[in-house]
Structure formats: C-alpha cells, structure tokens
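Residue strings, one per chain:
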2 protein chains.
Amino acid sequence: MGEEVSNKQIVLKDYVIGFPKESDMFLKKTTIKLKVPEDSTNSILVKNLYLSCDPYMRNRMSKSEGSYIDSFTPGSPITGNGVAKVVDSTHPNFNKGDLVWGRTGWEEYSLIKSPETFFKIQHTDVPLSYYTGILGMPGATAYFGFYEVCSPKKGETVFVSAASGAVGQIVGQFAKLSGCYVVGSAGSKEKVDLLKNKFGFDDAFNYKEEPDLNVALKRYFPDGIDIYFENVGGKMLDAVLLNMKIRGRIAACGMISQYNLEQPEGVHNLFCLTTKRIRMEGFLVFDYYHNYPKFLETVLPKIKEGKITYIEDIAEGLESAPAALIGLFSGRNIGKQLVVVAHE
Amino acid sequence: MGEEVSNKQIVLKDYVIGFPKESDMFLKKTTIKLKVPEDSTNSILVKNLYLSCDPYMRNRMSKSEGSYIDSFTPGSPITGNGVAKVVDSTHPNFNKGDLVWGRTGWEEYSLIKSPETFFKIQHTDVPLSYYTGILGMPGATAYFGFYEVCSPKKGETVFVSAASGAVGQIVGQFAKLSGCYVVGSAGSKEKVDLLKNKFGFDDAFNYKEEPDLNVALKRYFPDGIDIYFENVGGKMLDAVLLNMKIRGRIAACGMISQYNLEQPEGVHNLFCLTTKRIRMEGFLVFDYYHNYPKFLETVLPKIKEGKITYIEDIAEGLESAPAALIGLFSGRNIGKQLVVVAHE
C-alpha cells in the first residue's frame, strides 16, 4: 500500500572540523512509500516544503561531546526545522493535509516518529515559508530573547549584531516598537541599507569596514548601550562590553563568529560585567515554546498590518541546500535563509 | 586650637602598571591638628584604627579612564575602608568618641569632609576589626552577592574561588547555612585545610596543584555547578563555564587574577552561557548599602552564636601597610588582610 516515489536526501558525509564545505554533504537518491509503515503508531509521513538553514546547525555538524543538542548522524540526512504537509498519519492529532512545522529531514519526504513537538500551522494567510523564520524558531527566539531576557524599557539603547539575519531583523523591529533606539551591525553595504531603509533601525554599520569596533560603537552609542542582543561573540562582544551602560543586559542568543573555530576567540573585557553590574544571560528558544501561541498572537497581526516586515533568502530545490547552509557562515545570505523543496 | 600631633601617611608614588611593588608607595611624615578646621562644616576628624586591604584597590592604583571607581592620587595618601574613632566633629550626625567605618585615608588621622557615607558602629561586642571584613564591605559583598545575585536553593552545588579570602570564606559559610554543597579553591595547602576544617566547606582544592582545572572541577562536581561565586576570572572562569549546570548562576564579584595584567586573559567558553542558559551577573556592594542594617541583623547573631567564623590576617603598624596590600596579589595573606594603625 502507498505509492513508492523518489526521495532525494541531503546526507552528512562525516563530522566537520573547522569551516564546513558543500562537499561535507552529498545528495543521495532513495525511494519512499507514501504511507506510514504498519508498525509505526503515532507517526506521520510528511512532504517537506520549506527547510530552514540556521546557524545553530553548525554545532550539530560537530561530534557531540555533551553538547546541548544532538549531532547529525554521518551517513544520514541532515535534520532541521521545516514546513511540511502531512501525507499520511497514524497519530490522533494529525490528519492528512495538515500543514505543520518542526524538526524534519533534509529530504523530499520524512517519516516523523514522534510528531508531538510539531506545531500545526493554522494561519495560512501569510507566506508558509514564514514558519521557518519570523513565525517559527527565529521569530520566537527574537521575541522571547528580546522581551523576556532583555527586559526593554522605552527610550533605552539597543545594539543588535548579525542584525539583518533571521533573528536580528526582527529584534530590531521589536526594539523600535518598544520605543528604543536601535543600531545594527551587518557584513555588507546592502545589508546595512536594508537595516536602515527596510527594517527601520535608527542606524547601522558594516563591521567589516570598522578597523576598531570600540570606536564604531562609541560613535553610535555616545552614552552607551542598555541592551545588546548577541548573535556573533568574539571581538564584537569584547567591544560591546566596553560600551555597555551600568545595569545593561546582554542576551546571549548565539555566537556565529565562533562556530567554525577549533578554539573560540578569547573575550578579555569580562570585568566590565562587575564594574557596570551587567547581566549577561544565555537562552534557548525551546524553553519558551509553551508560550508559542502568545508569541503568534502578538506577531501575526503585526505582520498582516505591515508593522513588521521580513526578508527571506530563498534557495530553490533540495540540491541547493548544502550551499545555502554553508553560505550562512560567510554571510552570503540576505535575510532569513531557507530552501524550497516543493511549493505544495 | 587643637593639639598638633604626628600624622604618618602612606602615599602613592605614581600610577602603577603591572604587578604593584612596595616601592610604589612611601611613608610620609606630616603633622595634623586634632580639630576640624574652622572653615570645614559637616566634617569629622578621625583617628584611624584598622585599615582594610582589598583587591579592588589595585584598580585604583591605575590611571582611571572612565573606571567605575576613582584612582588614587599620586602624591596623596592611599584611601580605603577603615575603622576609626571620631576625634572632632562639625557634622550633626557624628560626635567625638563615635566609632565609624567607611572610606578613610592610609594615615594616622584623617579629615573626612563628607562623612555621610560612613556607617556608625553600634555593636562593639565583636572585634572592631570585623568592620573591615565580615561586618564591613567584604561581608556585605558576600551576603548580597550570594543571596541576591546567586538566588541559592537548598541542595544546590556552589563553587567559590579565592575561597579563603575576605569574601570567599563567608560565601562558603552562607552556602552551608543554605543547605548547599560547597567547594572552594585556594592557593596553598594551609588555606585548603582552613576551608575544610575551619569554615566547613564540603571540599576544597589547591588550584596551583591542578594541571587541568576542568578535570579538577569535574572531580568535585561530577553533576555540575549550580552557583559560581567568581572572585578570580581568567582560566578558572573558563573551566567553570564548562562545568556549569543548566540554568546555573555566576555572580561576577571580582577577577583578582586579572588586575595586574596589562591585557586581561581571554575567556573562551562563553558560548556555554547560551547552551546552558546561564545567567552571569556582575554586582557592586555599594548598590546594596541601603540594606546594610538587614545584613547586620542577619550576620551579627550568627557570629555571636559561633555559626559563622572569620579569619583575619593582621599586619601591625601603618608601616606594614604597603606590604600587606601587595601581598593580596601573591596570595600571601591567610584570610582577611587588614592593618592595625592604633588599637584605640
């Protein structure tokens, strides 16, 4: 029973050390029956539509040694967040035709054996691909990281690194909606222009053109930074610490500049935490998923009313997925990077 | 009016770079009239009894460049916390004979022009010198840092560095009183013995004898650290980050290992903040001084009942003050370092 169809997959060759390359992954041609196997109760078989490329996935390419997240399995398809359509289900909560998002495989069809962590997509009057971005993990990361970890107050100054990325562009817009002054850093003129002209940041700069990040930050924040939304780590964090205000807050969301280094860079200015009574706090969005409906309720209307905008960088076809993922680490993408596997 | 007496002073020669030396300070012989000058309203003249040697004073030996605290003035006496007796007063809140503690000069007598920040000593049934330590700034640092910043819960695991120092020895005892498991690090066998046998730490180790701090911490905390009371910074912090538990807390109290370095060491493992959702928070005791009475109310009875003990390293005579201060940075002192200028 169940039609047998082609199921191309993107498979990890082996654990990665240093900067990942396209050749660390390969395309594998397999087939799959479009039916949940008889021995799989509480499972769903999904057709993958959109796959999300996220920086944290680099950590899953390394061999896990007590990491916070499991490694990919060499010889098996990459996994990550995606938007998918249920083709068959033996799970009481899911029906054929349901649209869902959650951790799926980098392949055309995936059998999901524990779909309980998947979110059902109820609102389809926005681009479906948004559930890999502003309405998915990155959006929730921006929302809970900014509102819960940073505790913003009107009139405060906010700095966002990797500001045109999947998370940063939203944080900046939340900051503006909260009455804050917000500056972003990014890695090209095009991205800086987007920050200023599309996302409404008060200002923005290209970190690659700044010989001294401390000097750059002093230019944009002569009175200091209240809130730093940390996406990059390393030298930028060191410069930010020198420019934080007393009782500033740093949300440690990610440190993309460090993920491909065998030894992360040293951060030297941590004594600023003491002298300026700074709270630096790490967070993972998983911890907040029970409040996902609240997030959706807040953000969805803002998207529909045009009060929040979102830019995606869409790669066409599963074959383009390895290059899309790796492009994150050289900053090749403009906005949220995702891959279309199928449009419906 | 007012008897003119000898007033020896310890004067800073010049700003210090790198490791401080005794010769960075010198003894100066001056005289002083034992009366507040007629043009000084709201002032007190005090006889200094005990002077406190504290690690933060190293930062005041450097030229201030927007530091959290003002530098010492080359050519003028060192200043710092001390216990003193009021000899004359033109301030309505202070009377001759009052015992006080606050920021005084490293000299026999000091004219204090704004004594409003001084605390009056009401309880003299404990050693007066305790007001430089367990009942003064270090005690309040331990109290507010541990209870307010670390939010300890019964059964949690606590690690304290520089654990036999002025602050660390109290933090460890607070941790035990809170039902925590506590381990301390220190720099000699004698200090480690004190931690275990005198202060009741569950365990302790000599960091100088550990080739790998990460391995050492894993030995004492096989399930990880909930709370780290940070007094040293640098390599120890890096090792601690690897051993923190999920949702652990780090109170950044001080980083004594870094104060004499022209460039602080790099800390490499900060991404652990994200993956383990750690809150790392700096604090300064000044911010909590409005709650000093509450602290005193809690700690004073515990001292009298013998539930908290305190060890002091007492240098005799103002002449011994430079060596006492500098000894902090090589760990020469055992317990709270202070200097007796006069016994009454």
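Note: the structure precedes this text.
In this text, all values refer to a predicted model and were calculated from it rather than measured experimentally. Note on numbering: residues in each chain are counted from 1, in written sequence order. As they are written, the chains are lettered A onward and the ligands numbered 1 onward, keeping that order. Confidence filtering applies because this is a predicted model: local features only for residues at pLDDT of at least 70, side-chain atom pairs given and counted only at 80 or more, and all residues used for totals across whole chains, interfaces and linings. Side-chain metrics in this entry use all non-hydrogen atoms of the structure; hydrogen atoms and water are not considered.

Chemist: Could you give an account of the overall build of chain A, with specific residues and numbers?
Modeler: Think of it this way: any DSSP run of H or I at least four residues long counts as a helix, any run of E at least two long counts as a strand, and we number them from the N terminus. Within chain A, the secondary structure is distributed over nine helices and 15 strands. Across its three principal axes, chain A shows a C-alpha extent of roughly 70 × 45 × 35 Å. Whether two residues are in contact is decided by their heavy atoms, any of which lying within 4.5 Å being enough. Intrachain contacts of chain A at a sequence separation of at least 6 include 69% that bridge at least 24 residues. For the accessible areas, the method is Shrake-Rupley and the probe is 1.4 Å, while residue cover comes only from the protein chains on display. Accessible surface for chain A amounts to roughly 13,900 Å². Of this, 49% is attributable to carbon and sulfur atoms. Two residue types count as positive, namely Lys and Arg, and two as negative, namely Asp and Glu; His and chain ends fall outside the count. Lysine's charge is taken at NZ, arginine's at CZ, aspartate's at CG and glutamate's at CD. Each charge class in chain A can be summarised by its mean position, and for the 39 positive and 40 negative side chains these summaries are 3 Å apart.

Chemist: Talk me through the environment of B:F19; I want residue IDs and the actual numbers.
Modeler: With respect to the helices and strands, the residue B:F19 is situated in the loop between β1 (4–12) and β2 (25–33). Taking the C-alpha atoms as reference points, B:F19 and B:R103, separated by 84 residues in sequence, lie 24 Å from one another.

Chemist: Please give an account of the interface of chain A and chain B that cites residues and values.
Modeler: The figure often quoted for interface size is the accessible area lost as the parts come together. Between chain A and chain B, the contact holds 29 residues from the first and 29 residues from the second. For the pair chain A and chain B, the summed buried area comes to about 2,500 Å², and 62% of that belongs to carbon and sulfur atoms. The salt bridge criterion pairs a side-chain nitrogen of Lys or Arg with a carboxyl oxygen of Asp or Glu, the two atoms within 4 Å. The tally of links from chain A across to chain B stands at four salt bridges. With a shortest N-O distance of 3.1 Å, A:R247 and B:D287 are connected by a salt bridge. N or O atoms closer than or at 3.5 Å make up a polar contact, with two conditions inside protein: a donor-capable atom paired with an acceptor-capable one, and, for residues adjacent in sequence, both atoms drawn from side chains. At the junction of chain A with chain B, the criterion picks out 14 residue pairs in polar contact (both at pLDDT 80 or more). Breaking the side of chain A that touches chain B down by element, the ones donating at least two residues are β12 (244–252), α7 (271–275) and β13 (279–282) of chain A. Grouping the amino acids of the side of chain A that touches chain B by side-chain chemistry returns 15 nonpolar, eight polar and six charged. Relative to strand β13 (residues 279–282) of chain B, β13(A) runs antiparallel, the two being bridged by three bridges. Two parts lose some accessible area (1.4 Å probe) when they are put together, and adding that loss for both gives the buried area. Gly is put with the polar residues, along with every residue not named as nonpolar or charged; the nonpolar set is Ala, Val, Leu, Ile, Met, Phe, Trp, Tyr, Cys and Pro, and the charged set is Asp, Glu, Lys and Arg. Paired strands, in this sense, are two strands between which DSSP finds at least two bridges.

Chemist: If you had to explain the relation of the copies chain A and chain B to someone new, which residues and values would you point to?
Modeler: Between the two chain copies there is a screw-like relation: a rotation about an axis and a shift along it. Screw-axis analysis of chain A against chain B gives a translation of 0.0 Å along the axis, an RMSD of 0.0 Å, and a rotation angle of 180 degrees. Classification of the inter-copy transformation places it as that of a two-fold axis. Taking C-alpha positions as the reference, the residue of chain A nearest the rotation axis is A:G266, at 1.8 Å. Both copies share a contact surface, since 100% of the interface residues of chain A are interface residues in chain B too. Superposition of the copies was done by least squares, using only C-alpha atoms of residues whose pLDDT is at least 70 in both.

Chemist: Could you give an account of the sheet that holds strand β10 (residues 203–206) of chain A, with specific residues and numbers?
Modeler: Within the open sheet, the twelve strands sit side by side as β10(A)-β9(A)-β8(A)-β11(A)-β12(A)-β13(A)-β13(B)-β12(B)-β11(B)-β8(B)-β9(B)-β10(B). Their pairing is mixed. Because the sheet does not close on itself, it has two edges, and the strands there are β10 of chain A together with β10 (203–206) of chain B. Pairs of neighbouring strands in the sheet enclose a mean axial angle of 15 degrees, with direction left out of account. Both β12(A) and β13(A) contribute to a ladder of four bridges, which runs parallel. Residue pairing for β13(A): A:I250 is matched across the bridge by A:M280. Axes here mean lines fitted to C-alpha atoms, for a helix over just the part in contact, with angles spanning 0 to 180 degrees between N-to-C directions. Most of the contacts of helix α2 (residues 137–149) of chain B go to strand β11 (residues 225–230) of chain B, to which it runs at about 150 degrees, and overall it touches β8 (157–160), β11, β12 (244–252) and β13 of chain B.

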